[in-house]
Amino acid sequence: MSAQTPYTAGSYQLIDLSYIEQLSNGDKAFEKEIVQIFVEQIPQDLALLKQHFAAGDFSKVKQSAHYMLPSISILGLETKLKVELEALEALESAYKVLKRHIETIDKVCNAARAEAIELLHSYA
Amino acid sequence: MNCLIVDDNKIARTTLKKLISLDPLLVLVAECSNATEAYIKILEQPIDLLFLDIEMPGMTGMELAKSLGQKRPLIIFTTSNRDYAADAFDLDVIDFITKPVTTVRFLQSVEKAKEFQKTKILPQDLIEEDFIFIRDSGTVRRLELDNILYLEAQGDYVKIYVSNRFYNVHTTLKSVEEKLPASVFLRVHRSFIINVSKIDTLEGGTLIINKSLVPVSDAYRATLNKRMQIL
């Protein structure tokens, strides 16, 4: 999961490009655009999620988690964060558990973002 | 078909744009990041098909769909949350697809929209009649809406029950539903539509209409209760 791992296209530990590649049908400009948006958007999404959690505003935590779903699923991260995202949508777990879920989401998304940045460099 | 995307998430909008570009008959007029912006766009220019997210800050997709009245385009809901499916279909939308939207699922939905548009009766052409015509064993028969108790889908046929008999019509429940006034008739189950004014009793998940039992499925129960205005 480390960002130091040497990357080659198609061999990522977290991001899964199957959906994007199926949709792009070889359109690399489109693939690049999606990955670029992910790289730009995910830090803001994570910041908001953590901010709402810290403020104890759980309805906004739920909204933020829901908002992140398309970005997460399009980059193939949904299965890796399924338990955590479902818990944040349901908000039935203990505070400590939710906190751990947010930390996991943060960690996985940041590592995925590092992979996405490497991927961006591989596009011409 | 003029299309409009309404989604607060940029990645979701970008994938929908790509999907729309696959069909040359679809023309993307604009993309909106919130429902209020979309509401204004729809009033400003003709939109045939709306790809509409449900959960958005401010006005939700459901609220937008309800607020459009006669200006309402065909709607395909796109959402990450399956829990809205029943409510969404209550709004008479073309389809409900979950994100991430696959190419196959997208094209299926668009085909449904095109089919619907072909047969669509424009609101100004709608004249509220109190009867329908049905084809009954080679005879075209007039049925007073007020005499219809309920309708039941069975295979390729719909049974239309009146006081002491039923008529078997070769059609689908969905196409009959489109011809019946929503103010009088209500879907209560995948296979049943009832005339609300004919309900005798409701107990648990079952209605009794003229001594016949009609099941009510969970997905339609809230709408039925609301419509019955139970005291």
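Look a little higher up for the structure.
Nothing here was measured: the structure is a model prediction, and the numbers come from that model.

## Quick look at the interface of chain B and chain A
For step 1, the next point in the chain: Taken together, the contact pairs 14 residues of chain B with 16 residues of chain A.
For step 2, the next point in the chain: Residues belonging to the side of chain B that touches chain A are distributed by class as follows: three nonpolar, six polar and five charged.

## Here we look at the nonpolar core
Among soluble globular proteins, nonpolar side chains are generally buried collectively.
All names here are of chain B.
For step 1, the next point in the chain: With 64 residues, the main nonpolar core has Leu4, Val6, Leu50 and Ile75 as its most contacted residues.
For step 2, the next point in the chain: Among all residues touching Leu4, those that are not within four sequence positions of it are Val29, Ala30, Cys32, Ala38, Lys41, Ile42, Ile47 and Leu50.
For step 3, the next point in the chain: Grouped together as the second largest cluster of nonpolar side chains are 21 residues, Leu149, Val169, Phe185 and Ile199 included.

## Re the pairing of strand β10 (residues 166–170) of chain B
Residues and elements named next belong to chain B.
For step 1, the next point in the chain: Relative to β10, strand β9 (residues 157–161) runs antiparallel, the two being bridged by five bridges. The partner of Tyr161 across the bridge, within β10, is Phe166.
For step 2, the next point in the chain: Counting the residues in the hairpin turn of β9 and β10 gives four residues.

## Examining the environment of Phe53 of chain A
For step 1, the next point in the chain: For Phe53 of chain A, the location among the structural elements is in helix α2 (residues 28–54).
For step 2, the next point in the chain: Taking the C-alpha atoms as reference, Phe53 of chain A lies 8.5 Å from Ile102 of chain A; in sequence the two are 49 residues apart.

## Side note on the sheet that holds strand β1 (residues 2–6) of chain B
Residue and element names in this part refer to chain B.
For step 1, the next point in the chain: An order of β2-β1-β3-β4-β5 is seen for the five strands of this open sheet, with the pairing classed as parallel. Strands with a single pairing partner mark the edges of an open sheet, and in this sheet they are β2 (27–32) and β5 (95–98). In this sheet, adjacent strand axes meet at a mean angle of 20 degrees when their direction is disregarded.
For step 2, the next point in the chain: In terms of strand pairing, strand β3 (residues 49–53) meets strand β4 (residues 74–79) through five bridges, oriented parallel. The partner of Leu52 across the bridge, within β4, is Phe77.
For step 3, the next point in the chain: Running over the sheet, helix α2 (residues 35–44) touches β1 and β2 and is turned about 165 degrees from β1.
For step 4, the next point in the chain: Along the sheet, helix α5 (residues 103–119) makes contact with β3, β4 and β5, crossing β4 at roughly 160 degrees.

## What about unusual backbone geometry?
Both trends apply: most residues other than glycine have a negative phi, and most peptide bonds are in trans.
All names here are of chain B.
For step 1, the next point in the chain: That bond from Lys99 to Pro100 is cis: its omega, 0 degrees, falls within 30 degrees of zero.
For step 2, the next point in the chain: Topologically, Pro100 is positioned in the loop between β5 and α5.
For step 3, the next point in the chain: Even without glycine at this site, Asn210 takes up a positive phi of about 50 degrees.
For step 4, the next point in the chain: Position of Asn210 relative to the elements: it lies in the loop between β14 (206–209) and β15 (212–215).
For step 5, the next point in the chain: One non-glycine residue, Lys211, adopts positive backbone phi at about 70 degrees.
For step 6, the next point in the chain: Mapped onto the fold, Lys211 is located in the loop between β14 and β15.

## Observations concerning helix α3 (residues 58–74) of chain A
For an α-helix, 3.6 residues make a turn, and residues three or four places apart therefore share a direction.
For step 1, the next point in the chain: Compared with an ideal rise of 1.5 Å per residue, which puts 17 residues at 24 Å, α3 of chain A spans 25 Å between its outermost C-alpha atoms and is within 8% of the ideal.
For step 2, the next point in the chain: By the largest-angle criterion, Met68 of chain A marks the main kink of α3 of chain A, which is about 35 degrees, and a proline, Pro70 of chain A, follows within four residues.
For step 3, the next point in the chain: Among the residues making up α3 of chain A, those that are buried are Val61, Ser64, Ala65, Tyr67, Met68, Leu69, Pro70, Ser71, Ile72, Ser73 and Ile74 of chain A.
For step 4, the next point in the chain: For α3 of chain A, the secondary structure elements touched by its buried residues are α1 (18–24), α2 and α4 (82–90) of chain A together with α1 (10–21) of chain B.
For step 5, the next point in the chain: A positive phi of about 75 degrees marks Gly76 of chain A, the residue just after α3 of chain A.

Conventions and cut-offs
- Residues numbered from 1 in each chain as written.
- Chains lettered and ligands numbered in written order.
- Predicted model: local features only at pLDDT ≥ 70, side-chain atom pairs only at ≥ 80, totals over all residues.
- Contact = placed C-beta atoms within 7 Å.
- Nonpolar A, V, L, I, M, F, W, Y, C, P; charged D, E, K, R; others polar.
- Core = buried A, V, L, I, M, F, W, Y, C linked by C-beta atoms within 7 Å.
- Buried ≥ 20, exposed ≤ 12 C-beta atoms within 10 Å, placed from the backbone.
- Pairing = 2+ DSSP bridges.
- Helix = DSSP H or I, 4+ residues; strand = E, 2+ residues; numbered from the N terminus.
- Axes fitted to C-alpha atoms, helices over the stretch in contact; angles between N-to-C directions.
- Expected span 1.5 Å × (residues − 1).
- Bend = angle between axes of the 7 residues up to and from the residue.

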